[in-house]
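# Architecture at a glance
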Amino acid sequence: FHFNTIYQFRWNDKVNEQAEESIKVMSFNVRLFDLYNWSKNKETRKAIFDFIKKEKPDIIAFQEFYADDDNEFINVDSLKQILQFPYNDYEFTLTLRKKHHWGIATYSKHKIIGSGHVNFRVKSNNVCIYSDMLINKDTVRVYNMHLQSIHLLKEDYKFIDALGKDSVEVDEYQGSRKIAGRLKRAFIKRAEQVDSVAKSIKNSPYPVIVCGDFNDTPASYTYQTMTTNLTDAFVEAGKGWGKTYIGIFPSYRIDYILHSSKFEAFEYVTHQEKLSDHYAISSKLKTIKN
């Protein structure tokens, strides 16, 4: 029953619809702009900037955002200058030596007139912020979140890779037990986090757009809770497979753009550029007139 949230058959493409006062929203887990050179390509940060410049979103929500104050990753100001985003909102969950920052960030071409964050019961590297923006004379609250991940270790990946290989002996009981424990802890933490976010959205005085890396699939409690009163832009306007995670366990859709009934999605794209372990996603939204 969740197939349409994973794959969309769409015979009548809505991409060519003309929509006045539409906005293009993008969500992208950039994996710290390849700070640690996972991709073995030192040009990744520039490639990400070039990609965003080409796509021209009006609003972009970054997860796993990194910036420093005096090195080649001066991203806070660079994004405003190079990509011409005049407004931004961010929250750092970790700062080292007063100049290296890890967190989450939202950039916008629309004026941000207010901001805040959702309090999670337990402090962690996970975070949710919201930014109130003036869009087409209306105020819209844009949420950007990064929810609890599973945090599998190298030994877990090795265990999974070894399963089914006759030439390798593995302790299936111990390996499975460790992974099950990590899954359980992540599920519980995500459930607490998403309950807090859902409560904030319910109390929002403005229509909302929600972006983020949920670290969970459409069959999850997280997704079901978030889409109780919100529309999934992929289900509304997407086409084909919706997978967004391209790490060691590919084919999962864990990144989302959701919106309230004030909007309608008439385009949704999962971008195929491999610049992170996540694909960027974007959607064009138009305002529904009352």
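Scroll up a little and you will see the structure.
Read on for a plain summary of the structure. (Residues numbered from 1 in each chain as written. Predicted model: local features only at pLDDT ≥ 70, side-chain atom pairs only at ≥ 80, totals over all residues. Heavy atoms only, no water.)

## Considering the sheet that holds strand β2 (residues 23-29)
- Read from one edge to the other, the open sheet built from six strands follows the order β4-β5-β3-β2-β14-β13, with strand pairing classed as mixed. Edge positions in the sheet fall to β4 (87-96) and β13 (263-270), since each has one partner strand and no second. For this sheet the average axis-to-axis angle between neighbouring strands, irrespective of direction, equals 25°.
- Where β2 meets strand β3 (residues 59-68), five bridges bridge the pair, whose relative direction is parallel. Paired with Ser 27 across the bridge in β3 is Ala 61.
- Each of β2 and β3 is contacted by helix α2 (residues 44-55), which is oriented at about 165° to β2, the strand it contacts most. (Pairing = 2+ DSSP bridges. Helix = DSSP H or I, 4+ residues; strand = E, 2+ residues; numbered from the N terminus. Axes fitted to C-alpha atoms, helices over the stretch in contact; angles between N-to-C directions. Contact = heavy atoms within 4.5 Å.)

## Comments concerning the sheet that holds strand β6 (residues 112-117)
- Spatial strand order, β6-β7-β8-β9-β12-β10: six strands in an open sheet with mixed pairing. The outermost strands of the open sheet, each flanked by one partner alone, are β6 and β10 (231-232).
- The pairing of strand β7 (residues 127-135) with strand β8 (residues 138-146) spans nine bridges and is classified as antiparallel. Within β8, the position partnered with Cys 128 by the bridge is Met 145.

## Focus on the packing of aromatic side chains
- Scanning the entire structure with this criterion turns up 14 aromatic pairs.
- Taken together, Phe 33, Phe 49, Phe 62, Phe 65, Phe 85 and Tyr 107 form an aromatic cluster joined through their ring pairs.
- Above the face of the Phe 49 ring, Arg 45 is positioned so that its terminal group lies 4.6 Å from the ring centre.
- In this structure, Lys 109 is placed above the aromatic ring of Phe 85, and the distance from its NZ or CZ to the ring centre is 5.5 Å. (Phe/Tyr/Trp six-rings, centres within 6.5 Å; stacked < 30°, edge-to-face > 60°. Lys NZ or Arg CZ within 6 Å of the ring centre and 35° of its normal.)

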